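Commentary on secondary and tertiary structure
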Amino acid sequence: MKRLLFGASALALAAGFSGAAYADFSLTLLHFNDFHSRFESITGSDSNCNADGEAKGECFGGIARLKTAIDTQRDAAKAAGENVVVFSAGDEFQGSLFYTQYKSSIIADFFNDLDIDLAATGNHEFDDGPEEFAKYIEAVEHPIIGGNFDVSNEPLLAGKITGVTVLTVGGEKIGVIGALAEDTVETSSPGDNVRFESAIDYARGAAQALNDAGITKVILLSHLGLPTDLKVAAAVSGVDLIVGGHSHTLLSNTDEKAAGPYPTLVANPDGVDVPIVQAGAYAKYLGQLKITWDDAGNITKAEGNPIILDAAVTPDAGFLERVATAAAPLEALKAEVVGSATAEIVGDRNVCRVMECGMGNLVADAQLDRVADQGVTISIANSGGLRANIDAGEITMGEVLTVLPFSNTLATFQISGADIVAALENGASQIEEVAGRFPQVAGLKYTFDKSKPAGSRISDVLVKEGDAWVPIDPAKTYGAVTNNYVRGGGDGYEMFATNSVNAYDFGPPLERVVADYIAKLGGAYTPYTDGRITDATPAPEPEPAPAEAPAAEAPAANAMDAPAMQAPAMEAPAMQAPAMEAPAMEAPAMQAPAAETPAAPAAQ
């Protein structure tokens, strides 16, 4: 049975056996996730940064800073004799005008020069179907893995992606399993021929196969999101470490905004603590984790912290020049001023995916205003389509495109009131996961209670008739507007694909609709919320105050005997990094057999 041993107890145990220290194997893991084509630097609120912000030291991230950080940390590790690898946990596609203009070719061009060892498949890698993903796989020089989906029936991808790979680093074999969010058929466009299975089932089988083959060091490179990573860790034996993405979660021991410690520990079915790491998004951080395994494949140390890529990190000059060259043809469009904001327009995913937000109101209002003369009275905008804030001051077309990077078009249709309520239930069904299906609305009011089971969370749905708000009529047909992705069934809105009538998905580009709406209002936009979405979730019951007890001196805790905890708020001990042999990366030594996957519903 594997055990995760931390701190002084682990060192004492190792010292008790002759020669044990020589059997230990240490690895420095550098990782990032959810890059989303953010080639240029960003502000603290994740909107585009500019030259003035750079001059003031207010910018973060950007591919040039990422290049500097990876090279600096990798070179330092190698100079110290340490083994080092660089992983991406997926979602390189989509999120900026660079992807809109150049698609995957610009990502492959830069990522090849980052010298990445391995990448996971992100759901947005399917945004332009299997065709664009296939081009990317062929263009990059590092393997891309994705385990719990079967591409054998998709001619463009068959044989080009594997679920498991084995890296040989410093003479040791490390098995790496890929996993992708199972709802990718709803959040992207993998097509009818790509089928998904349970990430837990796949990881369990792949880990067992690796262990049976004598590979005792196993990493799950996941694009599942932290909530699912926690479930996988608790359910699967044989996975030593999870390196995650998808939920844009920052785990850190020093950042007060972090969602949990780095690493976060979860006990698996055997009582073994599994470290989980994730490093935010948009190349604002580079994760750095140092792991030590003993000869039996037990992790005895897992320590580190994400490095923030702020003004202290000098961008790589060569990458900066290349970004500027690629940006030049885009500048005229990006620089177009479409108006101004009197305050920050909040589009942060952690706000817009759980409640009414300023950016959601802007987009939903703009959609409804554009087609109100067509008898449309209800507007729904999926929060997953909102990708950034817009700072106070001038609003440029480049900023609007960063908020709405998916090249969606306006879509109108007619549908029953009952289906509108079902759509709202879908939108509220995954609030706990901060899912992008959460609905921002206009011409509509609703209340939700996330303490109730999914499917019965929505109440008090009102629609506007004239100047009055009246209860929605389940039997009545309403005119509605959204974007073409949602109308086609994306983000779980299958009722729009199957039950709508008179659908038209080819309206003007959504970014143009929003820009025109701001201009129509006179150019100066004041963001607001007005209570159109109400959270009626009861407040949690306060815990009773503990009874007073006489003060007692606690005995010193033994790190080995600490109970396994989910997401403990404890600081990992300082790591003593021994000098290690530099890694000798080899081609994957094995390819796991393709898993048989159950049929999944065709993507819409």
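Quantities reported herein were computed from a predicted structural model and do not represent experimental measurements.

For the chain, the helix and strand inventory stands at 19 helices and 27 strands. Relative to its 604 residues, the chain shows a buried fraction of 55%. When the accessible surface of the chain is summed, it comes to about 24,200 Å², and 53% of that surface belongs to carbon and sulfur atoms.

This paragraph deals with the state of the cysteines. Under the definition given, this model contains two disulfides. Across the disulfide, Cys49 is cross-linked to Cys59 (sulfur-sulfur distance 1.9 Å). Judged by the sign of its S-S torsion, about -75°, the bond between Cys49 and Cys59 is left-handed. Of this pair, Cys49 sits in the loop between β1 (25–32) and α3 (51–55) while Cys59 sits in the loop between α3 and α4 (63–79), and the two are ten residues apart along the sequence. Residue Cys352 pairs covalently with Cys357 via a disulfide, S to S 2.0 Å. Between Cys352 and Cys357, the S-S dihedral sits near 105°, and the bridge is therefore right-handed. Accessibility assignment for this pair places Cys352 and Cys357 in one class, buried. Ordering the disulfide-forming cysteines of the chain by sequence position, one finds them joined as 1-2, 3-4.

Okay, the packing of aromatic side chains next. Each aromatic ring pair is specified by the distance between its two centres and by the angle formed by the two planes. This model, assessed by the stated rule, comprises 15 aromatic pairs. Where Tyr493 meets Phe496, the ring centres are 5.4 Å apart and the plane angle is 20°; that geometry is what we call stacked. For the pair Tyr493 and Phe496, one class covers both residues: buried. An aromatic cluster is present here, built from Phe32, Phe35, Phe39, Phe98, Phe110, Phe111 and Phe319 joined pairwise through their rings. Its guanidinium or amino end placed over the ring of Tyr282, Arg38 lies 4.0 Å from that ring's centre, counting from NZ or CZ.

For the bond from Tyr262 to Pro263, the omega torsion is -5°, close enough to zero to count as cis. Structurally, the position occupied by Pro263 is in the loop between β10 (241–243) and β11 (264–267). We note that His36 has phi near 55°; this positive angle belongs to a residue other than glycine. As for its placement among the helices and strands, His36 is situated in the loop between β1 and α3.

Further remarks concern the packing of α4 against helix α11 (residues 317–327). At a minimum axis separation of 8 Å, α4 and α11 run at an interaxial angle of 160°. Taken together, the axes of α4 and α11 are roughly antiparallel relative to one another. Once α4 is placed against α11, the crossing between them reads as right-handed. Residues Ile63, Ala64 and Lys67 of α4 form the contact with α11, whose participating residues are Phe319, Leu320 and Val323. The residue inventory of the contact of α4 with α11, partitioned by class, reads five nonpolar, no polar and one charged.

This paragraph deals with the environment of Lys78. For Lys78, the location among the structural elements is in helix α4. In this structure Lys78 comes out as partly exposed when scored by relative accessible area, which is 40%. Sequence-wise, Lys78 and Thr28 are 50 residues apart; in three dimensions their C-alpha atoms are separated by 9.6 Å.

Another aspect to go through is the environment of Val277. For Val277, the location among the structural elements is in strand β12 (residues 273–277). You can call Val277 buried: its relative accessible area is 0%. With near-sequence residues (within four places) excluded, Val277 lies in contact with His31, Ile242, Val243, Gly244, Leu251, Tyr262, Pro263 and Leu289.

One finds Phe32, Phe39, Ile63, Leu66, Phe111, Leu114 and Met359 to be the most contacted residues of the largest nonpolar core, which totals 81 residues. If we ignore the near neighbours within four places in the chain, the residues touching Phe32 are Leu66, Ile70, Phe87, Ser88, Ala89, Glu92, Phe111, Leu114, Ile116, Tyr285 and Leu286.

Take helix α6 (residues 104–114) next. By the criterion of burial, α6 is predominantly enclosed, with eight of the eleven residues buried. All of the buried residues in α6 are Ser104, Ile106, Ile107, Ala108, Phe110, Phe111, Asn112 and Leu114. Lining the buried residues of α6 we find β1, α4, α5 (97–102), α7 (129–139) and α11. Positioned one or two residues after α6, Asp115 has a phi angle of 60°, which is positive.

What counts and what doesn't
Residues numbered from 1 in each chain as written. Predicted model: local features only at pLDDT ≥ 70, side-chain atom pairs only at ≥ 80, totals over all residues. Heavy atoms only, no water. Helix = DSSP H or I, 4+ residues; strand = E, 2+ residues; numbered from the N terminus. Buried < 20%, exposed > 50% of the residue type's maximum accessible area, 1.4 Å probe, protein only. Areas by Shrake-Rupley, 256 points an atom, 1.4 Å probe, with all protein chains shown as cover. Disulfide = S-S within 2.5 Å. Phe/Tyr/Trp six-rings, centres within 6.5 Å; stacked < 30°, edge-to-face > 60°. Lys NZ or Arg CZ within 6 Å of the ring centre and 35° of its normal. Axes fitted to C-alpha atoms, helices over the stretch in contact; angles between N-to-C directions. Parallel < 35°, antiparallel > 145°, perpendicular 65-115°, else oblique. Left-handed = near helix turned anticlockwise from the far one by under 90°. Contact = heavy atoms within 4.5 Å. Nonpolar A, V, L, I, M, F, W, Y, C, P; charged D, E, K, R; others polar. Core = buried A, V, L, I, M, F, W, Y, C linked by side-chain atoms within 4.5 Å.

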